[in-house]
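Take a look at the letters that make up each chain.
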Amino acid sequence: MNKHFSLYIHIPFCVSKCNYCDFVSFVCSEEDKRDYFHALESEIEHSPYAGYRTVDTIYIGGGTPSSVDACDIDRVVNAVQKKFVLAQDCEISMESNPGTLSEQHCRIYRECGINRISMGVQAVQPHLLKLLGRTHSFADVLQSAEWIRNAGFDNMNLDLMFGLPQQSIADWIQTLNCSLQLEPEHLSVYSLIVEEGTPFWGEYADCDFITDETDRIMYHNACKLLAEKGYGQYEISNFAKKGFPCRHNLYCWEMEEYVGFGLNASSFAGQTRFSNPSDMQGYIRMANAGGRNNPDGKKMASSELESDYIILGLRKTDGIDLIEFKDVFHEDFMKRYHNVAENLICEGLLELKTSRLSLTEKGLDYANCVMREFI
C-alpha cells in the first residue's frame, strides 16, 4: 500500500429518485441545498486531515452533482483547494446525469479544476430508461457528451447497466454500440442488483426477471466487444483505454487512505473506517459545529484489514501482489490461506502467476463466491 491520499465529496441531491437506487440521495428545496453546501464547506474548512498528505484524487459523487448549480460545485472545489495540497496531476472526477448538464456548467466544471466527468447513461432504449425511472433520453446523452468535449474534457466515463427487466441481449448490444460511438475513455458496466428499500424491491425481489445464463451472456458480450474496441478490463466492471483507468477507484481497491465529506460519506484513514451522519440535520449540525470527519471510528483488527485487502484486491483483474501482502501483513499468503487458495486454483477460479493471485475468466463469473471464502 503506497502513501496516497484521496477525498470523496457527497452531493445527495437528485432531480428525481431512480427506481433501483439505494444511495443516500433525494429531492429537496433550494433552501435545504444552500444549508447543505454551507455545512459542506464548513466541514472541509475544519478537517483535521488538511496537510495530512498530498491529495492525488478527488471524487464528487451522489446523488447527482450536476443537478445543483455549477457555482456550488465550484465553491466546494475551491474550498478543497484552499485547505488541501493537491498533486499537480490530481484526478478530480464528478458524476453527472444527461439532462442535468449544460454547456455553461461544463465550462465551469472544467475551469474550477475538474478533469474527469462520469455520466450515468445506463441504457439507450426509451422503455428501459422509463422503467429505471431515468429522466433523460439518448438525445440528452449525445448533447451532454458534446458539451463535455467542447468544455475541454478528455477523460469521460459512461455508466451502463445490464441484466434489467425487459432488457434483451439485442438491447444491451445496442446500448454498448451507441455508447462506443461517443468514444469515452472509460466505461463502467454493472449488472442490476435489486436492493431492499427501493421501488424495484417490491416489484422484482421475488421475480426471476432474467436468467443467470442471460446475465452472463450480456457480461461476456461486453467484455468481448470492449476488448475489440481497445478497452482494457482492469476490474470486474470497469474498462478503460490505455492510460485512463479511474485512479480514485484503484486507490480504494488498493486500500489507500481516503476521507469523505458530506452526508453519509465514508472514510478510511489510520486503519479506521468511519462515516458521517446519514440524516441531513444531524450532518449539518456536526459540520457547522466544526465537527471532525468522525471521532467515533473503530480501528480495524488486523484480520479485518487482511480480509478487505484480499476482497478489494481480487476485484482488480491483476489481482493481489503476494509480495506486497507479506510486506503489509508480515505473513505468507499461500501458507496462511493454503487450503482455500489451492482449492480455488484447482477449481479454475483463481490463478497464480509469479507473485500475483487473480481471478480467472471463469472466476470473474463467480467473484462473489470466491471472495466469501476469504471472509
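What comes next is a walk through the structure. All values reported here derive from a predicted model rather than from experimental measurement. (Residues numbered from 1 in each chain as written. Predicted model: local features only at pLDDT ≥ 70, side-chain atom pairs only at ≥ 80, totals over all residues. Heavy atoms only, no water.)

## Structural notes on the packing of helix α11 (residues 302–315) against helix α12 (residues 322–329)
Where α11 meets α12, the axes come as close as 12 Å, and the angle between the chain directions of the two elements is 165°. The angle between α11 and α12 places the two elements in the roughly antiparallel class. Every pair of crossing elements has a handedness; the one defined by α11 and α12 is right-handed. Between α11, through Ser302, Leu305, Glu306, Tyr309 and Ile310, and α12, the contact on the second element is made entirely by Glu324, Phe325 and Phe329. (Axes fitted to C-alpha atoms, helices over the stretch in contact; angles between N-to-C directions. Helix = DSSP H or I, 4+ residues; strand = E, 2+ residues; numbered from the N terminus. Parallel < 35°, antiparallel > 145°, perpendicular 65-115°, else oblique. Left-handed = near helix turned anticlockwise from the far one by under 90°. Contact = heavy atoms within 4.5 Å.)

## Thoughts on the environment of Thr100
Checked against the element boundaries, Thr100 lands in the loop between β3 (86–96) and α3 (103–112). The class for Thr100 is buried, based on a relative accessible area of 16%. A polar atom in the side chain of Thr100 sits 2.5 Å from the side chain of Ser66. A polar contact of 2.6 Å, which involves the side chain of Thr100, links it to the backbone oxygen of Asn97. (Buried < 20%, exposed > 50% of the residue type's maximum accessible area, 1.4 Å probe, protein only. Polar contact = N/O pair within 3.5 Å; in protein donor to acceptor, adjacent residues only side chain to side chain.)

## Overview of the side chain of Ser96
With respect to the helices, strands and loops of the structure, Ser96 is situated in strand β3. Among residues more than four places away in sequence, those in contact with Ser96 are Thr64, Ser66, Leu101, Ile117, Ser118, Met119 and Gly120.

## Section: α12
Three or more residues of α12 are buried, namely Leu322, Phe325 and Phe329. Axial view of α12: buried residues confined to an arc of 45°, hence all on one face. The outward face of α12, more than 90 degrees from its buried face, is lined by the exposed residues Ile323 and Asp327. In this structure, the buried residues of α12 make contact with α11, β13 (320–321), α13 (333–336), β14 (350–353) and β15 (356–359). (Arc of directions from axis to C-beta.)

## Focus: the pairing of β15
Where β13 and β15 come together, two bridges link them in antiparallel fashion. Its bridge partner being in β15, Asp321 is matched across the sheet by Arg356. As judged from the four bridges shared by β14 and β15, these two strands associate in the antiparallel manner. In the sheet register, Lys353 faces β15, and the bridge partner there is Arg356. Taken together, β14 and the strand that follows it, β15, pair antiparallel across an intervening segment of two residues, in which Thr354 is found at a positive phi of about 55°. (Pairing = 2+ DSSP bridges.)

## Some remarks on the nonpolar core
Counting residues in hydrophobic clusters, the biggest one holds 101 residues, and the most contacted among them are Leu40, Ile114 and Phe333. If sequence neighbours within four positions are ignored, Phe333 has contacts with Ile310, Ile320, Leu322, Phe325, His338, Ala341, Leu357 and Phe374. Core analysis: the next-biggest nonpolar cluster, separate from the first, contains 14 residues, Tyr20, Ala123, Val194 and Phe200 among them. (Core = buried A, V, L, I, M, F, W, Y, C linked by side-chain atoms within 4.5 Å.)

## Examining the sheet that holds β14
The sheet built from three strands is open, its strands ordered β13-β15-β14 with antiparallel pairing. Because the sheet does not close on itself, it has two edges, and the strands there are β13 and β14.

## Comments concerning the packing of helix α2 (residues 70–83) against α3
For the pair α2 and α3, interaxial distance at closest approach is 9 Å and the crossing angle is 5°. One finds that α2 runs roughly parallel with respect to α3. Here Ala70, Ile73, Asp74, Val77 and Gln81 of α2 come into contact with α3, specifically with His105, Ile108, Tyr109 and Cys112. In terms of residue class, the contact of α2 with α3 is made up of six nonpolar, two polar and one charged. (Nonpolar A, V, L, I, M, F, W, Y, C, P; charged D, E, K, R; others polar.)

## Looking at the side chain of Ser25
Along the chain, Ser25 turns up in the loop between β1 (5–11) and α1 (30–45). Within the structure, the side chain of Ser25 is placed 2.7 Å from the side chain of Lys17, a separation counted as a polar contact. Contacts of Ser25, omitting those with residues within four sequence positions, involve Pro12, Cys14, Lys17 and Gly63.

## Topic: unusual backbone geometry
Put simply, Gly62 and Gly63 share a cis peptide bond, and its omega is 20°. Tracing the sequence through the fold places Gly63 in the loop between β2 (55–62) and α2. We note that Gln122 has phi near 70°; this positive angle belongs to a residue other than glycine. You can see Gln122 is positioned in strand β4 (residues 116–122). The class of Gln122 is buried, set by a relative accessible area of 8%. Look at Thr354: it is not a glycine, yet its phi comes out positive at around 55°. Inspection of the secondary structure puts Thr354 in the loop between β14 and β15. Overall, Thr354 belongs to the exposed group, its relative accessible area being 83%.

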